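Given next are the chains, with one letter for each unit.
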Amino acid sequence: MNTRAYAVMEARKPLVPYEFDRREVGAHDVALDIAYSGICHSDIHQAREEWGPAIFPMVPGHEIAGTVTSVGASVTKFKVGDKIGVGVFVDSCRTCENCVAGLQQYCLEGMTGTYNQLERDGKTPAMGGYSNRFVINEDYAVPIPANLPLEGVAPLLCAGITLYSPIKHWKVGPGKKVAVMGLGGLGHMGVKFAVAMGAEVTVLSHSPKKKDDALSMGAHHFVATNDESVFKTHTKSFDVILNTVSAEIDIDKYISLLKLNGTLVVIGLPGKPYAVNVGTLLNGRRGIAGSMIGGIPELQEMLNFCGEKNIVSDVEVIKADYINEAYERTVASDVKYRFVIDASTI
């Protein structure tokens, strides 16, 4: 299946137009025309080989929303014309205890990423969503509620589920005080979900100019962390802190903001390990944890929740020839709050 795309041909080089062939539609596969593909900061890290050796040519993109164009003979989950979403992984071992439990993102053999990994055959490079077409096993894609605009849905397939999963796991809801660190592509989804689930939500940001946006999204409070005094003012204040920041920070200051039995959940991936003062953890039985995307059942649960609450990501839609500029603006935090590629321009 001939496919048009934008690809990185070698590390740290600009993305360029590229063509390749996707596999034919198998018995359990669905093919889709991609409508929109989100730009995730992890795309930039991998295209620039900042997370270790990468596979080139690389077609990034794992926030994919489109429409089904054909289905395999044994497909039961989709029909032609359905809205469909594809997220961060496209396969897993399917048999380990985590896969069986619907937690494919924690597959004991390792999930198969949507790009920059080899397919389960160990030899075919997976190519991502900066393209006009896609083929995937029906078990690893999800139906999109009909009332949601596809451009706003695309980032939900990564940014959305990355926040929804820990919010559900740590039982965020009425009576809980939740802080979201950072109001970017990840953080703004954390605010929307936590507010929709009934929590009292505070945004912690080093950028005071984001206050109006945070409050307009439903946050109850905004704290500018460039004022060091706030760490004393708000000590022992929160049940859950969602850390979406990928920059290197003094994590200990934020742990001190947790109440008794509170948890700071690390979502953003910093470049260096955190230095943690164990005494700060002991003083209040506090915890620090991590969370990575979600499995297919939870991805579907999130989309259904978004359909019910009319929640989508705040996006700036771009043409494909703007991707390289969008990368630079993403690194500079100059986007509100997620770039999405109009795949019809590829």
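In what follows, the accompanying structure is described.

1. Structural notes on the overall build of the chain
And then number 1: Broken down by element type, the chain carries 11 helices and 17 strands.
And then number 2: Expressed as lengths along the three principal axes of its C-alpha atoms, the size of the chain is roughly 60 × 40 × 35 Å.
And then number 3: Looking at the chain residue by residue over its 346 residues, the buried ones come to 56%.
And then number 4: In the chain, of all internal contacts separated by at least 6 residues, the share reaching a separation of at least 24 is 67%.
And then number 5: Looking at the chain as shown, the accessible area adds up to about 14600 Å², and 51% of this sits on carbon and sulfur atoms.
And then number 6: Computed over 33 positive and 38 negative side-chain charges, the inter-centroid distance for the chain is 6 Å.

2. A closer look at the pattern of salt bridges
And then number 1: Within this structure, the stated rule accounts for 13 salt bridges.
And then number 2: For the salt bridge of R120 with E109, the shortest nitrogen-to-oxygen distance reads 3.5 Å. One end of the pair, R120, is in the loop between strand 7 (112-113) and strand 8 (133-137); the other, E109, is in the loop between helix 2 (97-100) and strand 7, with 11 residues separating them in the sequence.
And then number 3: For R120, a relative accessible area of 35% corresponds to the partly exposed category.
And then number 4: Residue K192 is joined to D314 by a salt bridge in which the shortest nitrogen-to-oxygen separation is 2.6 Å. In this pair, K192 sits in helix 5 (residues 187-196) while D314 sits in the loop between helix 10 (296-309) and strand 16 (315-318), placing the two residues 122 residues apart along the sequence.
And then number 5: Judged by its relative accessible area of 28%, D314 falls in the partly exposed class.
And then number 6: Because the salt bridges share partners, they merge into one network encompassing E316, R329 and D334.

3. Details of the packing of aromatic side chains
And then number 1: The final tally for this structure, using the stated rule, is six aromatic pairs.
And then number 2: Their ring planes at 75 degrees and their centres at 5.4 Å tell us that Y164 and F193 sit as a pair that is edge-to-face. With Y164 in helix 4 (residues 159-169) and F193 in helix 5, this residue pair connects regions lying 29 residues apart in the sequence. Pair check on accessibility: Y164 and F193 agree, each one buried.
And then number 3: Grouping aromatic residues by their ring pairs yields a cluster made of Y164, F193 and F305.

4. Observations concerning the nonpolar core
And then number 1: Judged by nonpolar contacts, the single largest core of 92 residues is most densely connected at I39, Y130, I136, F193, L242, M302 and I323.
And then number 2: In terms of residues, this core owes the most to one element, helix 10, which gives six residues.
And then number 3: When neighbours within four sequence positions are excluded, L242 is seen to be in contact with L163, P166, I167, V178, A179, V180, M181, V265 and I267.
And then number 4: Core analysis: the next-biggest nonpolar cluster, separate from the first, contains 16 residues, V223, F231, I241 and Y254 among them.

5. Brief notes about helix 10
And then number 1: With 14 residues, helix 10 extends 20 Å between its outermost C-alpha atoms, agreeing within 8% with the 20 Å of an ideal straight helix rising 1.5 Å per residue.
And then number 2: Every buried residue of helix 10 is accounted for by I296, E298, L299, Q300, M302, L303, F305, C306 and G307.
And then number 3: Those residues of helix 10 that are buried lie in contact with strand 6 (89-91), strand 9 (142-143), helix 3 (150-153), helix 4 and helix 5.
And then number 4: N310 sits one or two positions beyond helix 10 and adopts a positive phi of about 60 degrees.

Cut-off values and rules
- Residues numbered from 1 in each chain as written.
- Predicted model: local features only at pLDDT ≥ 70, side-chain atom pairs only at ≥ 80, totals over all residues.
- Heavy atoms only, no water.
- Helix = DSSP H or I, 4+ residues; strand = E, 2+ residues; numbered from the N terminus.
- Buried < 20%, exposed > 50% of the residue type's maximum accessible area, 1.4 Å probe, protein only.
- Contact = heavy atoms within 4.5 Å.
- Areas by Shrake-Rupley, 256 points an atom, 1.4 Å probe, with all protein chains shown as cover.
- Lys, Arg positive; Asp, Glu negative; His and termini not counted.
- Charge placed at Lys NZ, Arg CZ, Asp CG, Glu CD.
- Salt bridge = Lys/Arg side-chain N within 4 Å of Asp/Glu carboxyl O.
- Phe/Tyr/Trp six-rings, centres within 6.5 Å; stacked < 30°, edge-to-face > 60°.
- Core = buried A, V, L, I, M, F, W, Y, C linked by side-chain atoms within 4.5 Å.
- Expected span 1.5 Å × (residues − 1).

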